[in-house]
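Given next are the chains, with one letter for each unit.
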Amino acid sequence: MKTLAIMVGLVGTLAGCEMDQTSTTADAPARPFPDATGLAAIAQDAYFTTMQHSPKNLQVGDVQQARTFIGLPPDYLVCVSATENTVYSVYDNAGNLVAPAGVPFRQSYVMLVRDYGDPTGWGSGIFRRVEEGKIGHVEMRSVCPPSER
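Residues numbered from 1 in each chain as written. Predicted model: local features only at pLDDT ≥ 70, side-chain atom pairs only at ≥ 80, totals over all residues. Heavy atoms only, no water.

## A closer look at the pairing of strand S6 (residues 122–129)
Next up, step 1: By the bridge criterion, seven bridges tie strand S5 (residues 104–115) to S6 in an arrangement that is antiparallel. Paired with Arg 114 across the bridge in S6 is Gly 123.
Next up, step 2: Following S5, the chain reverses through six residues before pairing antiparallel with S6; Gly 117 in that reversal takes a positive phi of roughly 80°. (Pairing = 2+ DSSP bridges. Helix = DSSP H or I, 4+ residues; strand = E, 2+ residues; numbered from the N terminus.)

Right, here's the structure in full:
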């Protein structure tokens, strides 16, 4: 009987903890999304933090809102590209030189932008090459164009 009373109390407590999944107020950011200048500054910082050097010809492209991680509010995925140089020479299967080292090309990235709240504000927690696969469950190639080589 004592076990039944504990189970009834536990079920009642768990039922009271049910969250309203239809609420959209949690999905709304606390402050407005950054303008083009703000996004460029976030991209500069994210690129430098990830690559450990300043970008060349950084361009911010399309912005798309997506639920990248289940159970979290939607994030913004931003396409970013920069000019980089090949590190190694590239050869085809026959041994012919396709691209020597040092050739510039356009590298595409996806930057996840989110409002981190006070005092941080808007920022990027993830900055990845498009060719690296996914952020959360979103395929990056479906959001941004591939790199130009």
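## Thoughts on the pattern of salt bridges
Side chains that carry opposite charge are capable of pairing whenever their charged atoms lie near each other.
Next up, step 1: In this structure the tally under the stated criterion is three salt bridges.
Next up, step 2: Note that Arg 31 is salt-bridged to Asp 115, the shortest N-O span being 3.1 Å. With Arg 31 in the loop between helix H1 (2–16) and helix H2 (36–51) and Asp 115 in strand S5, this pair connects stretches of sequence that are 84 residues apart.
Next up, step 3: When its relative accessible area of 19% is taken as the criterion, Asp 115 is described as buried.
Next up, step 4: One salt bridge in this structure joins Glu 132 and Arg 129, with 3.8 Å as the shortest N-O distance. (Salt bridge = Lys/Arg side-chain N within 4 Å of Asp/Glu carboxyl O. Buried < 20%, exposed > 50% of the residue type's maximum accessible area, 1.4 Å probe, protein only.)

## Quick notes on the packing of aromatic side chains
Each aromatic ring pair is summarised here by two numbers: the centre-to-centre distance and the angle between the ring planes.
Next up, step 1: Using the criterion set out here, one finds six aromatic pairs in the structure.
Next up, step 2: On the numbers, 4.3 Å between centres and 40° between planes, the contact of Phe 33 with Tyr 76 is tilted. Residue Phe 33 is located in the loop between H1 and H2, and its partner Tyr 76 is located in strand S2 (residues 75–85); the two are separated by 43 residues in the primary sequence.
Next up, step 3: A centroid spacing of 4.8 Å and a plane angle of 25° characterise the contact between Tyr 109 and Phe 127, whose relative ring orientation is stacked. Pair noted here: Tyr 109 is in strand S5 and Phe 127 is in strand S6, with a separation of 18 residues, a long-range link.
Next up, step 4: Given the relative accessible area of 1%, Tyr 109 is considered buried.
Next up, step 5: Look at Phe 127 and you get buried, because its relative accessible area is 9%.
Next up, step 6: Joined through ring pairs, the aromatic side chains of Phe 33, Tyr 76 and Trp 122 make up one cluster. (Phe/Tyr/Trp six-rings, centres within 6.5 Å; stacked < 30°, edge-to-face > 60°.)

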